[in-house]
Amino acid sequence: MADRIFSGIRPSGKLHLGNYLGAIKNWIELQNSPDTERAIFAVVDYHGITTPFDPETYRQQTLDTVLDFLAIGIDPKKSLLIRQSHIPEHTELAWIFNTITPVSWLERLPTYKEKLEESGKKYNHVGLLDYPVLMAADILIYKSNLVPIGDDQKAHIDITNEIAKKFNHMFGETFEPVKAYKAEGERIKSLQDSAKKMSKSGDEGIALIDFPDVIREKIKKAVTDSGHEVIFDPDKKPAISNLITIYHLLIKEVQPREPKEVEPLKFGIREIEKKYSGKTYIEFKNDLAEIIVNFLKPFQEKRKELEQDMTYVEDVLTESEEKAKLIASSTLTEIKQKMGL
Ligand code: TYM
């Protein structure tokens, strides 16, 4: 099967370990998969303006996110990297989808309710409600069928499929079903409150560009559960289980590849529990901090190099956006024909 991959991230703040483990890790895996026909990754800057943003710095923030993509391992030879606002077909298709999407589908979404609460109900504009329709357009304008995302975006994939089904029914078979591709790290929790997901703010998350000492400090301050045993039990010990998940997923990436025969066994959750049996949270946390620091080191070095070569970054975007635009405009032409536009 030839998969057509699409995914996106808002440029609202620094990327964090949740973004990496819940989404980008799989972007890299999928771009390298022989089953992938094409992969498109977007900085969704039109989504980013549905919550407060600073126009003075927003363009730079978008470019910073592209730098992050490149430095972490998105390969422009295998994937297209685009800015959503540079391909107007996304918003044009979103308008068309607006005319077939019942408001009630959007009003009941948890993400909408959360964002509304977060803003103290001050930000109840149409864009916030309509956010998933634009997301459906992002995915379907490229006729994508596989979307690597974290757990919080799952409901948006359901809506995408509802919209696609309704469009097919009204105007003729056009879109195939879309599947969410979810990661083991699909829901990385906040380091301060394991009832919340890791986000971009303060000590709650680890930004990919955090300095080593900042990382050590944040892990030291991360909340733990009562007791002192390093045991994976998401119900009874959600905080330490979250840290074990991060440990488990990152150690695979920092350990030397050789010797191959012992590698897979060493990193399972049970092996981690065994390694820290009889040891304290502090010992476990110290090791975890070093794993994160080591994991991020090559990324941070690569990012510094790329910062010196913004012409390269701009060239990657221009080339990707030209190619993406060809696919997007061909889908839009087909749709307009079907609709008599
Ligand atoms: P955004 O920018 O909030 O997050 C980007 C990706 O990171 C994942 N993620 C997490 N995964 C695990 N644990 C966490 N704590 C965590 N926090 C964030 C998200 O699930 C997401 O995959 N609406 C989207 C952006 C978007 C999009 C699209 C995605 C717009 N159009 C089309 C896919 C396809 C969003 O706001 O993601």
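Cut-off values and rules
- Residues numbered from 1 in each chain as written.
- Predicted model: local features only at pLDDT ≥ 70, side-chain atom pairs only at ≥ 80, totals over all residues.
- Heavy atoms only, no water.
- Buried < 20%, exposed > 50% of the residue type's maximum accessible area, 1.4 Å probe, protein only.
- Helix = DSSP H or I, 4+ residues; strand = E, 2+ residues; numbered from the N terminus.
- Pairing = 2+ DSSP bridges.
- Right-handed = clockwise from strand over helix to strand, strands pointing away.
- Domains from an automatic or database assignment.
- Contact = heavy atoms within 4.5 Å.
- Salt bridge = Lys/Arg side-chain N within 4 Å of Asp/Glu carboxyl O.
- Polar contact = N/O pair within 3.5 Å; in protein donor to acceptor, adjacent residues only side chain to side chain.
- Nonpolar A, V, L, I, M, F, W, Y, C, P; charged D, E, K, R; others polar.
- Phe/Tyr/Trp six-rings, centres within 6.5 Å; stacked < 30°, edge-to-face > 60°.
- Lys NZ or Arg CZ within 6 Å of the ring centre and 35° of its normal.
- Near = heavy atom within 4 Å.
- Areas by Shrake-Rupley, 256 points an atom, 1.4 Å probe, with all protein chains shown as cover.
- Patch = residues over 30% accessible without salt bridge, like charges linked within 9 Å, V, L, I, M, F, W, Y side chains within 5 Å.
- Axes fitted to C-alpha atoms, helices over the stretch in contact; angles between N-to-C directions.
- Parallel < 35°, antiparallel > 145°, perpendicular 65-115°, else oblique.
- Left-handed = near helix turned anticlockwise from the far one by under 90°.

## Examining the pairing of strand 2 (residues 36-43)
- The buried count for strand 2 comes to six of eight residues, which makes it a mostly enclosed element.
- For strand 1 (residues 3-9) and strand 2, the ladder comprises seven bridges, and the chain directions are parallel. Looking at strand 2, one finds that Gly-8 is bridged to Ala-42.
- Traced from strand 1 through helix 1 (residues 17-31) to strand 2, the parallel crossover comes out right-handed.
- Bridge analysis of strand 2 against strand 3 (residues 79-83) gives five bridges, and the strand direction is parallel. Its bridge partner lying in strand 3, Ala-39 is registered against Ser-79.

## Notes on the domain arrangement of the chain
- Domain annotation of the chain identifies domain 1 (3-187 + 310-339) and domain 2 (212-304).
- On a C-alpha basis, the centres of domain 1 and domain 2 stand 31 Å from each other.
- Contacts between the two partners involve twelve residues from domain 1 and, on the opposite side, twelve residues from domain 2.
- At the junction of domain 1 and domain 2, the tally comes to four salt bridges.
- Note that Asp-68 is salt-bridged to Arg-303, the shortest N-O span being 2.5 Å.
- For the pair domain 1 and domain 2, the number of links is four residue pairs in polar contact (both at pLDDT 80 or more).
- When residues of the side of domain 1 that touches domain 2 are traced back to their parent elements, those giving at least two are helix 1 and helix 3 (55-72).
- It is helix 3 that provides the largest number of residues to the side of domain 1 that touches domain 2, a total of five residues.
- Here the side of domain 1 that touches domain 2 is composed, by residue class, of six nonpolar, one polar and five charged.

## Some details on the packing of aromatic side chains
- Under the counting rule described, the total for this entry stands at twelve aromatic pairs.
- Geometrically, the ring pair formed by Phe-53 and Tyr-58 is tilted, given 5.0 Å between the ring centres and 55° between the ring planes.
- Assessed through its relative accessible area of 39%, Phe-53 is described here as partly exposed.
- Every member of this aromatic cluster is reached through a ring pair, and the members are Phe-97, Phe-167, Phe-171 and Phe-175.
- The ring of Tyr-131 carries the charged tip of Lys-115 above its face, separated from the ring centre by 5.7 Å.

## Observations concerning the pattern of salt bridges
- With the rule as written, the count across this model stands at 24 salt bridges.
- Two residues, Glu-184 and Lys-252, come together in a salt bridge whose shortest N-O distance is 3.7 Å. With Glu-184 in the loop between strand 5 (179-182) and helix 9 (212-221) and Lys-252 in helix 10 (residues 238-254), this residue pair connects regions lying 68 residues apart in the sequence.
- Exposure remark for Lys-252: the relative accessible area of 28% places this residue in the partly exposed category.
- Measuring nitrogen to oxygen at the nearest pair gives 2.6 Å for the salt bridge that ties Asp-210 to Lys-218. Each member of the pair, Asp-210 together with Lys-218, is buried.

## Description of the site of the ligand
- The full set close to the ligand counts 28 residues, and Arg-10, Tyr-131, Asp-138, Asp-152 and Ile-188 are the nearest of them.
- Within the backbone of Gly-150, a nitrogen or oxygen atom sits 2.9 Å from an oxygen atom of the ligand.
- Take Gln-153: an N or O atom from its side chain is 2.9 Å from a nitrogen atom of the ligand.
- When the free accessible area of the ligand is taken as 720 Å², the share hidden by the protein chains comes to 98%.
- Listing elements by their share of the shell around the ligand, those giving two or more residues are strand 1, helix 1, helix 7 (126-140) and strand 4 (146-149).
- A per-class count over the shell around the ligand returns eleven nonpolar, ten polar and seven charged.

## Quick notes on unusual backbone geometry
- A positive phi angle, close to 45°, is found at Lys-143, a residue other than glycine.
- For Lys-143, the location among the structural elements is in the loop between helix 7 and strand 4.
- Classification of Lys-143 by relative accessible area gives partly exposed; the value is 25%.

## Examining a nonpolar patch on the surface
- On the surface, a nonpolar cluster with roughly 250 Å² of combined accessible area is contributed by Tyr-46, Ile-49 and Phe-53.
- Inspection of the secondary structure puts Tyr-46 in helix 2 (residues 45-48).
- For Tyr-46, a relative accessible area of 33% gives the class partly exposed.

## Details of the side chain of Asn-145
- Here Asn-145 shows up in the loop between helix 7 and strand 4.
- Polar contacts involving the side chain of Asn-145 include one to the side chain of Asp-3, which spans 3.1 Å.
- Here Arg-4 takes part through its backbone nitrogen, which lies 2.7 Å from a polar atom of the side chain of Asn-145.

## Considering the packing of helix 1 against helix 10
- Interhelical geometry of helix 1 versus helix 10 gives an angle of 65° and a closest axis separation of 12 Å. The pairing of helix 1 with helix 10 is recorded here as roughly perpendicular in orientation. In the packing of helix 1 onto helix 10, the handedness of the crossing is left-handed. Side by side, helix 1 and helix 10 meet where Leu-17, Tyr-20, Leu-21 and Lys-25 of the first sit next to Ile-246, Leu-249, Leu-250 and Glu-253 of the second.

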